[in-house]
Amino acid sequence: MEISRQDIVVVALFVYMNCTNKSHGDDVSVMLFSGVNLLFAGYFLLRLLFQWGGVKAQNLVLISLESATCYESVLGFLQIVGVADSNNYLFSCTGTFDNPGPLGGFLAIGLCVSLAEIFLIKRQGWISYLTVVLCVIMIPSTQSRAAWMSIMVCVLFYCIKKPKTLAWIKAHWLVSIIAITVLLSSVYVFKRPSANGRLFTYKMELQTIKRNGLTGVGMGHFSNAYGITQRDYFAKTISIEDGQLRYDESDRERVCADNPKVGFNEYLQFGIEFGVGPLILFMSLVLMILYRLFRMNSPLFFGMVSMLVFAFFSYPFSLWEFLVLLLLSAAIAGFNSHKSHSSKVGSLLFAFGCLVPIAIFHKSAGVVRTLVETEKIWKRQRPIFDSGDYGSYEYCCSQLYPDLQFNCAFLYEYAYSLFENGKTEESEKVLEQCLSLSGNSLSFILLGDIHKKQGLIAEAEQDYFNSFLALPDRLYPLYKLAVLYYDSNQGEKYQNMVRSIEVFHPRIESESTNQIREMLKRHSWGYEKTM
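Residues numbered from 1 in each chain as written. Predicted model: local features only at pLDDT ≥ 70, side-chain atom pairs only at ≥ 80, totals over all residues. Heavy atoms only, no water.

Moving on to helix α17 (residues 390-400). Listed as buried for α17 are Y390, Y393, E394, C396, C397 and L400. The buried residues of α17 occupy an angular sector of 165° when projected down its axis, which confines them to one face. (Buried < 20%, exposed > 50% of the residue type's maximum accessible area, 1.4 Å probe, protein only. Helix = DSSP H or I, 4+ residues; strand = E, 2+ residues; numbered from the N terminus. Arc of directions from axis to C-beta.)

Together, F77, I80, V81 and V83 line one region of the surface with nonpolar side chains, adding up to about 370 Å² of accessible area. Mapped onto the fold, V83 is located in the loop between α3 (34-81) and α4 (100-119). Looking at V83, the relative accessible area reads 63%, which means it is exposed. (Patch = residues over 30% accessible without salt bridge, like charges linked within 9 Å, V, L, I, M, F, W, Y side chains within 5 Å. Areas by Shrake-Rupley, 256 points an atom, 1.4 Å probe, with all protein chains shown as cover. Salt bridge = Lys/Arg side-chain N within 4 Å of Asp/Glu carboxyl O.)

Let us now look at the packing of α4 against helix α13 (residues 300-310). Running from N to C, α4 and α13 cross one another at 155°; their axes reach a closest spacing of 8 Å. Classified by the angle their axes make, α4 and α13 are roughly antiparallel. In the crossing of α4 with α13, the sense of the turn from one axis to the other is right-handed. Where α4 approaches α13, its residues G101, P102, G105, A108, I109, C112, V113 and A116 are matched on the opposing element by F302, G303, S306, M307 and F310. (Axes fitted to C-alpha atoms, helices over the stretch in contact; angles between N-to-C directions. Parallel < 35°, antiparallel > 145°, perpendicular 65-115°, else oblique. Left-handed = near helix turned anticlockwise from the far one by under 90°. Contact = heavy atoms within 4.5 Å.)

Attention shifts here to the environment of I516. You can see I516 is positioned in helix α24 (residues 511-530). A relative accessible area of 8% means that I516 is categorised as buried. For the pair formed by I516 and L326, sequence separation is 190 residues and the distance between their alpha carbons is 47 Å. With sequence-adjacent residues up to four places away left out, I516 is seen in contact with L475, Y476 and Y479.

Counted by the stated rule, this structure contains 36 aromatic pairs. Ring geometry for F270 versus F274: centroids 5.0 Å apart, planes at 40°, classification tilted. Here F270 and its partner F274 are both found in helix α11 (residues 266-274), four residues apart, which amounts to about one turn of the helix. Summarising the burial analysis for this pair, F270 and F274 share the class buried. (Phe/Tyr/Trp six-rings, centres within 6.5 Å; stacked < 30°, edge-to-face > 60°.)

Structure representation (structure tokens):
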């Protein structure tokens, strides 16, 4: 068993990512990189396992994937009929995931692998047929466009593998082009507002890579870097002068803006966090894995294609289920990327080299386990925050803070509790940590409240405006500005902002926006009585 070219690329990518990540010098990036350490160590340990297990170990991977796909399908069906609970109250069908998107992507992978086993590899086991039937029933329920896109690309590869089908496509190329165009258009039209939002997100991500392309921003800092780019972008066309909001009402990008926690494109997010160099190396590794799986005629090739296409539109590499599948596929491809009869010296060198991944795995596993367990403890304590008992919640957060410095939601709730308990300076410190990781609109609202309480009116005004730039279709930041002007006796600015709010149209008019307008009316009545 010798070291292959793929192994060398894996080591080079790991070292490159580690160097760029450590160059930022913050604890959060180093802490989160423990997960990458586990993947690196796991790759080489699985290489050894597949060497010893041979074809049986690889077949076990396929059976396990199909079994997991069947389980997710059945669980999703039980959630739809109300027998099992969904993990998200907004959706009836999520499987073991938090929303239907990743479920659709996972089922698409299982479907593509099973179809390859039935029609290309000719392994016609009952579990493959069962997987296909369950996936065909359940994938439409997820309403995942990315899943359908990944399936369509796999179908194209199926056609390439079938000479007769490929010949028919070449003979009827015009029909094929029209069919593909119709399918792609239908995917876009199905959820047009959402699709426009994703396109705007990709535009911002490309600009963020342009600003930070060589070194990246560090692992865990994607959301903050994206937020800075988006705020700077809208600051060119949106301004507030003497309390009067000025913006282009015809600008449709304004209503597409969001505060994404993930990039909805794993490749762009990878480039933002680690830089262009590691991104190129990562893409090279992915192509190398695909090439080996294709040459092996492995059904996992189609699963990998499905997952990698899905990664263009979603966030599979943020979920352990997809990462495990990626790791297994890479290890299988690496096992087959060298001659089967290797020298004893090469085998000894590889086995000795695996001592390093074992050491890394042992060290990183403890860190990751601590982070996961601490996050579980925090989630059990969150009802205390919802109940308004901020004193008790502050104490809980103070105990968990060292291990949850990377969690933006935790940091925001901790800062909010400190603020409600009158500890403005401590609250501001925790909130600054939160803002270094995320450009969330609500975080700027809280920062504005802190500065307002400290008497820093100009800073509070800028914070509320930053909140509006983060989500320029929302009414609440404008309301906070109006109240700030009212409380600081800036009459002219207050009246201008009230008029701006009266003619402002948010993306969605809801009960919340109606309540905001009603509260503003009460402020206006109070202001008129004092005149």
